[in-house]
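# Survey of secondary and tertiary structure
Spelled out, the chains give:
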Amino acid sequence: MAQALIEPERLKLLDALADGGWHSGEALAEAHGITRAALAKRMDRLRDWGLEIEARQGLGYRLSRPLERLNAAALEAAMLTPLRVTVLAETDSTNTQLLDADSARDPQALLAEYQTAGRGRRGRAWRSPFGANLYLSLAWSFPAWPPALTTLPLVVGVICAEALAQTGVEGLGLKWPNDLLLEGRKLGGILIEHRGEAGGPCRVVIGVGINVAMSDEQASPIDQPWIALNAALSRQGRAAASRNALAADLLNRLAIALRQFEASGFAPFVPRWNAQDLTRDRKVRILLGNGEVDGIARGVAPDGALQVETAQGLTAYHSGEVSLRLS
Ligand code: BTN
């Protein structure tokens, strides 16, 4: 798998700072066999990854918060069914890499600490500072085209919400079709891309980005309300989530769900989606290409459509046609 050329020295220095404590410049320079000036430059290279490193006279350097690096071997060992797991320090986009990867190696997961060109839906960029969040993709090959493929984004939304709920965080749920919200703000996003011809085999790459510990500064280019999991957990008096534990749980749940989806389609997921629905029985506004409709959301239908009680009666809206707002 293509990996950007990363000098191992940069990661070695990062590991020395990972505990979040102060480290004297003198000791760091000596331990890495470089001058203080070269050390300062190397710190700047780490800042290029979006890492927040403080420097203070008399104290030295420290990361703004401790860093738990992703561990591919531990993740792969935690898989309940065989699944290849690769972790890259830096890549353009984990989805792009897996779309180009050899499908004979599926199922395979790729995680990155930093994405230079993370992609969101509708051609938007996905902010990906180093080690702050989860950037994870899973490539999965279905031998036959799943008839309910259009509902896969909803299935993945359910699985993400259920995995995140295990952290104990409160105020989490889904906004149709699969927006992961916490306290009304965006906690994560899902980008599913597929290859193949209807009727034949089908390969999907499921990309999930979850904001775990991103700071306001790191998120400054984001132009919509967002939230990070660990900030919410801390406000709620709960322990911070481990990115490795969350990634392992998410991958295991996805693998189980994809097999169930292949066998039974969306049906088993309808009640699970509805249990995570943040809009149920609430006033919503449906934004259509040619206007808008107000109504009361009534949950998801077996084909994945959003059911809304409008002046015209119960109406089903399908993905791709509409956008939903709480009104
Ligand atoms: C969205 O716009 O809500 C979807 C965001 C998906 C982001 C994830 S991060 C891992 C994977 N790689 C990417 O380039 N995008 C997805």
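Before going into details, it helps to say that this report is about the structure given with it. Small disclaimer: the values here were computed from a predicted structure and weren't measured. Along each chain, residue indices are assigned from 1 in the same order as the chain's sequence is written. Per-residue local features are limited, in this predicted model, to residues with pLDDT of at least 70; the limit for side-chain atom pairs, both in listing and counting, is 80 or more; totals at the level of whole chains, interfaces and linings are taken over all residues. Hydrogens and waters are ignored; side-chain quantities use all the structure's heavy atoms.

## Quick word on the pattern of salt bridges
Note the following rule: For this document, the term salt bridge refers to a Lys or Arg side-chain nitrogen within 4 Å of an Asp or Glu carboxyl oxygen. The helix and strand labels rest on DSSP assignments: H or I over at least four residues marks a helix, E over at least two residues marks a strand, and numbering proceeds from the N terminus. Throughout, exposure labels follow a simple rule: accessible area from a 1.4 Å probe, protein chains only, divided by the maximum for the residue type, with under 20% read as buried, over 50% as exposed, and the rest as partly exposed.
Across all of its chains, the model carries 23 salt bridges by this definition. Here Arg45 and Asp48 are joined by a salt bridge, their closest N and O atoms 3.5 Å apart. Of the two residues, Arg45 and Asp48 are both situated in helix H3 (residues 36–48); the distance of three residues between them amounts to about one turn of the helix. Exposure remark for Arg45: the relative accessible area of 37% places this residue in the partly exposed category. Its relative accessible area of 49% is what places Asp48 among the partly exposed residues. One continuous salt-bridge network, built from bridges that share partners, spans Asp15, Arg69, Glu113 and Arg243.

## Section: the site of the ligand
The criterion, for reference: One heavy atom suffices: a residue is near a molecule or strand as soon as one of its heavy atoms comes within 4 Å of it. Two N or O atoms count as a polar contact when they lie within 3.5 Å, although within protein this holds only if one can serve as hydrogen donor and the other as acceptor, and sequence-adjacent residues are included solely when both atoms are side-chain atoms. The Shrake-Rupley method, run with a 1.4 Å probe sphere, supplies the accessible areas, and residue values consider only the shown protein chains as cover. Side-chain classes follow a simple rule in which Ala, Val, Leu, Ile, Met, Phe, Trp, Tyr, Cys and Pro form the nonpolar group, Asp, Glu, Lys and Arg form the charged group, and the remainder, Gly included, forms the polar group.
Around the ligand lies a shell of 19 residues, among which Ser93, Thr94, Arg119, Arg121 and Lys186 are the nearest. Within the side chain of Thr94, a nitrogen or oxygen atom sits 3.0 Å from a nitrogen atom of the ligand. One of the side-chain nitrogen or oxygen atoms of Lys186 is found 2.7 Å away from an oxygen atom of the ligand. Protein coverage of the free-state accessible area of the ligand, which is 420 Å², stands at 97%. Put simply, the parts of the chain that give the shell around the ligand at least two residues each are helix H5 (94–100), strand E5 (134–142), strand E8 (185–196) and strand E9 (202–210). Ranked by the residues each element gives to the shell around the ligand, the list is headed by E8, at four residues. Partitioning the shell around the ligand into residue classes produces six nonpolar, 10 polar and three charged.

## Description of helix H1 (residues 8–17)
Definition in use: Throughout, the arc means the angular range of directions from the helix axis out to the C-beta atoms.
Residues of H1 that are buried include every one of Arg10, Leu11, Leu13, Leu14 and Leu17, and no others. Around the axis of H1, the buried residues are gathered within 160° of arc, so they sit on the same side.

## With respect to the pairing of strand E6 (residues 172–175)
Consecutive side chains along a regular strand alternate between the two faces of the sheet. Where we set the bar: When DSSP locates at least two bridges between a pair of strands, those strands are taken to pair.
Covered by surrounding structure in E6 are Leu172 and Leu174 together with Gly173 and Lys175, the residues of both alternating faces. With four bridges joining them, E6 and strand E7 (residues 179–182) adopt antiparallel strand pairing. In the sheet register, Lys175 faces E7, and the bridge partner there is Asp179. Between E6 and the antiparallel strand that follows it, E7, lie three residues.

## Considering the sheet that holds E9
In plain terms, the rule: Every axis corresponds to a line fitted to the C-alpha atoms, with the helix fit spanning only the stretch in contact, and the corresponding angles, defined between N-to-C directions, vary from 0 to 180 degrees. Every residue pair with non-hydrogen atoms within 4.5 Å of one another is taken to be in contact.
Across the sheet, seven strands lie side by side as E3-E4-E5-E9-E8-E7-E6; this open sheet has mixed pairing. In the strand order of this sheet, the two ends are held by strand E3 (84–91) and E6, each with one partner. On average, each strand axis in the sheet is inclined to that of its neighbour by 20°, with strand direction left out of account. Against the sheet, helix H6 (residues 152–165) engages E6, E7, E8 and E9, with an angle of about 140° to E8.

## Considering the packing of aromatic side chains
Keep this limit in mind: Any Phe, Tyr or Trp ring, taking Trp's six-membered ring, that has another such ring centre within 6.5 Å forms a pair; planes under 30 degrees apart are called stacked, those over 60 apart edge-to-face, and the others tilted.
For the structure on display, the rule yields three aromatic pairs. Their ring planes at 50° and their centres at 6.5 Å tell us that Trp49 and Tyr114 sit as a pair that is tilted. Of this pair, Trp49 sits in the loop between H3 and strand E1 (53–56) while Tyr114 is found in strand E4 (residues 108–115), placing the two residues 65 residues apart along the sequence. According to the relative accessible area criterion, Trp49 is buried, its value standing at 1%.

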